Amino acid sequence: MTPEAVLPHDLDAERALLGAALVNAEAFAQARDLVRATDFFDNPERPSHAAIYRAVGALLDAGSPLDILAVRAELDRVGKLDAAGGVAYLASLDGFCSRSADASWYAARVANLAKRRRLVSLGSLLMEKAGNGTSDADLARLLGDWREDLRALEPGVGVVEAESLSAILARP
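Every value quoted in this text rests on a predicted model; they were computed, and no experiment measured them.

Rules used throughout
Residues numbered from 1 in each chain as written. Predicted model: local features only at pLDDT ≥ 70, side-chain atom pairs only at ≥ 80, totals over all residues. Heavy atoms only, no water. Buried < 20%, exposed > 50% of the residue type's maximum accessible area, 1.4 Å probe, protein only. Helix = DSSP H or I, 4+ residues; strand = E, 2+ residues; numbered from the N terminus. Arc of directions from axis to C-beta. Contact = heavy atoms within 4.5 Å. Polar contact = N/O pair within 3.5 Å; in protein donor to acceptor, adjacent residues only side chain to side chain. Axes fitted to C-alpha atoms, helices over the stretch in contact; angles between N-to-C directions. Parallel < 35°, antiparallel > 145°, perpendicular 65-115°, else oblique. Nonpolar A, V, L, I, M, F, W, Y, C, P; charged D, E, K, R; others polar. Core = buried A, V, L, I, M, F, W, Y, C linked by side-chain atoms within 4.5 Å. Left-handed = near helix turned anticlockwise from the far one by under 90°. pLDDT = per-residue confidence, 0-100.

Draft legend 1. The arrangement of helix 5 (residues 68-77) in detail. Listed as buried for helix 5 are Ala 70, Val 71, Glu 74 and Leu 75. Angularly, the buried residues of helix 5 cover 135 degrees about the axis, an arc narrow enough to put them on a single face. In helix 5, those exposed residues whose orientation departs by more than 90 degrees from the buried face are Leu 69 and Arg 77. Buried residues along helix 5 sit against helix 2 (11-23), helix 4 (49-61) and helix 6 (86-94). At the N-terminal end of helix 5, a side-chain oxygen is found 3.1 Å from the backbone nitrogen of Leu 69, two or three residues along, and the residue is Asp 67. One or two steps after helix 5, the chain reaches Gly 79, where phi turns positive at roughly 75 degrees.

Draft legend 2. Summary view of the environment of Arg 54. Along the polypeptide, Arg 54 turns up in helix 4. Not counting residues within four places of it along the chain, the set of residues in contact with Arg 54 comprises Ala 37 and Thr 38.

Draft legend 3. Layout of the packing of helix 2 against helix 6. Relative orientation of the contacting elements helix 2 and helix 6 amounts to 85 degrees, with a least axis distance of 7 Å. The pairing of helix 2 with helix 6 is recorded here as roughly perpendicular in orientation. Counting all contacts with helix 2, which are made through Arg 15, Leu 18, Gly 19, Leu 22 and Val 23, the residues of helix 6 involved are Tyr 89, Leu 90, Leu 93 and Asp 94. The residue inventory of the contact of helix 2 with helix 6, partitioned by class, reads six nonpolar, one polar and two charged.

Draft legend 4. Just helix 3 (residues 25-32), in detail. The set of residues buried in helix 3 consists of Ala 27, Phe 28 and Ala 31. One side of helix 3 carries all its buried residues, which in axial view fall inside an arc of 100 degrees. Its buried side turned inward, helix 3 meets helix 2, helix 4 and helix 7 (103-131). Two or three places before Glu 26, at the start of helix 3, stands the capping residue Asn 24, its side-chain oxygen 2.7 Å from that residue's backbone nitrogen.

Draft legend 5. How the structure looks around the environment of Val 120. With respect to the helices and strands, the residue Val 120 is situated in helix 7. With relative accessibility at 33%, the residue Val 120 sits in the partly exposed group. Those residues in contact with Val 120 that lie beyond four places of it in its chain are Leu 7 and Pro 8.

Draft legend 6. Geometry of the nonpolar core. Core analysis: the largest hydrophobic core is formed by 34 residues, its most contacted members being Leu 17, Val 35, Phe 40, Ile 52, Tyr 53, Val 71 and Leu 75. At the level of elements, helix 2, helix 3, helix 4, helix 5, helix 6 and helix 7 are the ones that each hand at least two residues to this core. Residues in contact with Ile 52, not counting those within four places in the same chain, are Leu 18, Val 71, Leu 75, Ala 84, Tyr 89, Leu 90 and Leu 93. Core analysis: the next-biggest nonpolar cluster, separate from the first, contains six residues, Leu 139, Leu 142, Leu 143 and Leu 150 among them.

Draft legend 7. Looking closely at the packing of helix 5 against helix 6. At a closest axis distance of 10 Å, the pairing of helix 5 and helix 6 adopts a crossing angle of 145 degrees. You can see that helix 5 and helix 6 cross each other, and the crossing is right-handed. Counted together, Ile 68, Val 71, Arg 72 and Leu 75 of helix 5 and Val 87, Leu 90, Ala 91 and Asp 94 of helix 6 form the full contact between these two elements.

Draft legend 8. Molecular detail of the confidence of the model for the protein. Of the residues in the protein, 83% have a pLDDT of 70 or more, and the chain-wide mean is 83. Contacts from residues 155-163, a stretch scored under 50 in pLDDT, to residues over four places away or in other chains number eight contacts.

Draft legend 9. Structural context of the side chain of Glu 74. For Glu 74, the position within the fold is in helix 5. There is a polar contact of 2.9 Å between the side chain of Glu 74 and the side chain of Arg 77. Not counting residues up to four positions away in its chain, the partners in contact with Glu 74 are Ala 55, Ala 58 and Leu 59.

Have a look at this one:
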(Lines give C-alpha, C1' and ligand atoms only; values in the text may rest on other atoms or scores of the structure.)
Protein backbone atom coordinates (compact mmCIF):
# COMPACT_ATOMS: atom_id res chain seq x y z
CA MET A 1 0.00 0.00 0.00
CA THR A 2 1.36 3.46 -0.90
CA PRO A 3 1.82 6.25 1.66
CA GLU A 4 -0.80 8.29 -0.24
CA ALA A 5 -3.33 5.53 0.38
CA VAL A 6 -2.65 5.50 4.13
CA LEU A 7 -1.46 8.88 5.38
CA PRO A 8 -3.96 11.71 5.85
CA HIS A 9 -3.69 14.39 3.17
CA ASP A 10 -5.81 16.56 0.89
CA LEU A 11 -4.07 17.47 -2.35
CA ASP A 12 -6.98 19.66 -3.44
CA ALA A 13 -6.68 21.75 -0.27
CA GLU A 14 -2.94 22.10 -0.90
CA ARG A 15 -3.58 23.18 -4.50
CA ALA A 16 -6.25 25.65 -3.40
CA LEU A 17 -3.92 27.15 -0.80
CA LEU A 18 -1.12 27.53 -3.34
CA GLY A 19 -3.52 28.97 -5.90
CA ALA A 20 -4.71 31.57 -3.40
CA ALA A 21 -1.13 32.42 -2.45
CA LEU A 22 -0.21 32.94 -6.11
CA VAL A 23 -2.85 35.62 -6.56
CA ASN A 24 -2.85 37.29 -3.15
CA ALA A 25 0.13 38.06 -0.92
CA GLU A 26 -2.21 38.55 2.05
CA ALA A 27 -3.52 35.01 1.60
CA PHE A 28 0.04 33.74 1.82
CA ALA A 29 0.70 35.85 4.92
CA GLN A 30 -2.31 34.24 6.62
CA ALA A 31 -1.19 30.78 5.58
CA ARG A 32 2.35 31.36 6.77
CA ASP A 33 1.10 31.69 10.34
CA LEU A 34 -0.28 28.14 10.16
CA VAL A 35 1.64 26.19 7.51
CA ARG A 36 5.29 25.34 7.03
CA ALA A 37 6.65 24.03 3.74
CA THR A 38 7.16 20.65 5.41
CA ASP A 39 3.40 20.44 6.07
CA PHE A 40 2.73 19.67 2.40
CA PHE A 41 2.33 16.00 1.53
CA ASP A 42 5.10 15.74 -1.01
CA ASN A 43 5.73 12.68 -3.12
CA PRO A 44 8.48 12.46 -5.76
CA GLU A 45 5.95 11.12 -8.26
CA ARG A 46 3.95 14.37 -8.38
CA PRO A 47 4.63 18.13 -8.25
CA SER A 48 6.30 19.41 -5.08
CA HIS A 49 3.92 21.75 -3.31
CA ALA A 50 6.58 22.44 -0.67
CA ALA A 51 8.94 23.80 -3.35
CA ILE A 52 6.22 26.12 -4.67
CA TYR A 53 5.37 27.30 -1.15
CA ARG A 54 9.05 28.02 -0.42
CA ALA A 55 9.37 29.95 -3.68
CA VAL A 56 6.35 32.13 -2.86
CA GLY A 57 7.80 32.82 0.58
CA ALA A 58 11.22 33.70 -0.82
CA LEU A 59 9.65 36.14 -3.28
CA LEU A 60 7.61 37.87 -0.61
CA ASP A 61 10.59 38.02 1.77
CA ALA A 62 12.63 39.68 -0.97
CA GLY A 63 9.87 42.17 -1.77
CA SER A 64 9.57 40.77 -5.29
CA PRO A 65 6.35 40.69 -7.29
CA LEU A 66 4.15 37.68 -6.76
CA ASP A 67 2.83 36.07 -9.91
CA ILE A 68 3.31 32.87 -11.86
CA LEU A 69 6.25 34.25 -13.84
CA ALA A 70 8.09 35.33 -10.69
CA VAL A 71 7.42 31.99 -9.00
CA ARG A 72 8.63 30.17 -12.13
CA ALA A 73 11.81 32.25 -12.14
CA GLU A 74 12.43 31.59 -8.43
CA LEU A 75 11.86 27.84 -8.84
CA ASP A 76 14.19 27.84 -11.85
CA ARG A 77 16.82 29.79 -9.86
CA VAL A 78 16.85 27.17 -7.08
CA GLY A 79 16.67 24.24 -9.50
CA LYS A 80 13.17 23.12 -8.46
CA LEU A 81 11.03 24.08 -11.46
CA ASP A 82 10.77 20.52 -12.78
CA ALA A 83 10.15 19.11 -9.28
CA ALA A 84 7.33 21.66 -8.88
CA GLY A 85 5.60 20.42 -12.02
CA GLY A 86 6.81 23.10 -14.44
CA VAL A 87 5.08 26.17 -15.79
CA ALA A 88 1.92 24.29 -16.84
CA TYR A 89 1.35 23.04 -13.29
CA LEU A 90 1.89 26.52 -11.83
CA ALA A 91 -0.64 27.92 -14.30
CA SER A 92 -3.16 25.27 -13.27
CA LEU A 93 -2.90 26.43 -9.65
CA ASP A 94 -3.85 29.98 -10.58
CA GLY A 95 -7.50 29.06 -11.00
CA PHE A 96 -7.71 26.31 -8.39
CA CYS A 97 -8.90 28.47 -5.50
CA SER A 98 -12.08 30.35 -6.34
CA ARG A 99 -11.58 32.91 -3.56
CA SER A 100 -8.32 33.87 -1.91
CA ALA A 101 -10.42 34.67 1.18
CA ASP A 102 -10.72 30.90 1.69
CA ALA A 103 -6.95 30.52 2.06
CA SER A 104 -7.05 30.45 5.85
CA TRP A 105 -9.47 27.49 5.79
CA TYR A 106 -7.23 25.59 3.36
CA ALA A 107 -4.15 26.49 5.43
CA ALA A 108 -5.78 25.15 8.60
CA ARG A 109 -6.71 21.93 6.78
CA VAL A 110 -3.18 21.42 5.42
CA ALA A 111 -1.66 22.08 8.86
CA ASN A 112 -4.11 19.74 10.60
CA LEU A 113 -3.45 16.88 8.20
CA ALA A 114 0.31 17.40 8.59
CA LYS A 115 -0.10 17.04 12.36
CA ARG A 116 -2.06 13.84 11.82
CA ARG A 117 0.71 12.46 9.58
CA ARG A 118 3.26 13.23 12.29
CA LEU A 119 1.09 11.40 14.85
CA VAL A 120 0.81 8.38 12.54
CA SER A 121 4.58 8.44 12.09
CA LEU A 122 5.20 8.62 15.82
CA GLY A 123 2.72 5.81 16.44
CA SER A 124 4.31 3.61 13.79
CA LEU A 125 7.77 4.22 15.20
CA LEU A 126 6.53 3.43 18.71
CA MET A 127 5.01 0.15 17.51
CA GLU A 128 8.22 -0.76 15.70
CA LYS A 129 10.47 0.01 18.68
CA ALA A 130 8.16 -1.59 21.25
CA GLY A 131 7.90 -4.78 19.22
CA ASN A 132 11.48 -5.28 18.09
CA GLY A 133 13.27 -5.93 21.36
CA THR A 134 14.35 -2.38 22.13
CA SER A 135 15.51 -2.28 25.74
CA ASP A 136 13.23 -0.75 28.36
CA ALA A 137 15.82 1.96 29.05
CA ASP A 138 16.09 2.89 25.36
CA LEU A 139 12.33 2.82 24.99
CA ALA A 140 11.91 5.08 28.02
CA ARG A 141 14.42 7.52 26.49
CA LEU A 142 12.57 7.42 23.18
CA LEU A 143 9.28 8.07 24.97
CA GLY A 144 10.82 11.23 26.41
CA ASP A 145 11.82 12.34 22.91
CA TRP A 146 8.36 11.50 21.56
CA ARG A 147 6.73 13.40 24.40
CA GLU A 148 8.58 16.50 23.16
CA ASP A 149 7.49 15.76 19.58
CA LEU A 150 3.88 15.52 20.74
CA ARG A 151 4.15 18.80 22.64
CA ALA A 152 5.54 20.44 19.51
CA LEU A 153 2.48 19.34 17.53
CA GLU A 154 0.09 21.07 19.89
CA PRO A 155 0.23 21.71 23.61
CA GLY A 156 -1.38 18.86 25.51
CA VAL A 157 -1.81 16.46 22.58
CA GLY A 158 -0.91 13.00 23.71
CA VAL A 159 1.12 14.02 26.76
CA VAL A 160 -1.02 11.94 29.12
CA GLU A 161 -0.64 8.86 26.91
CA ALA A 162 3.14 9.31 26.74
CA GLU A 163 3.34 9.68 30.52
CA SER A 164 1.29 6.55 31.14
CA LEU A 165 3.39 4.49 28.72
CA SER A 166 6.53 5.65 30.49
CA ALA A 167 5.02 4.65 33.84
CA ILE A 168 4.10 1.23 32.47
CA LEU A 169 7.67 0.61 31.33
CA ALA A 170 9.00 1.60 34.76
CA ARG A 171 6.99 -1.15 36.48
CA PRO A 172 8.88 -4.23 37.69
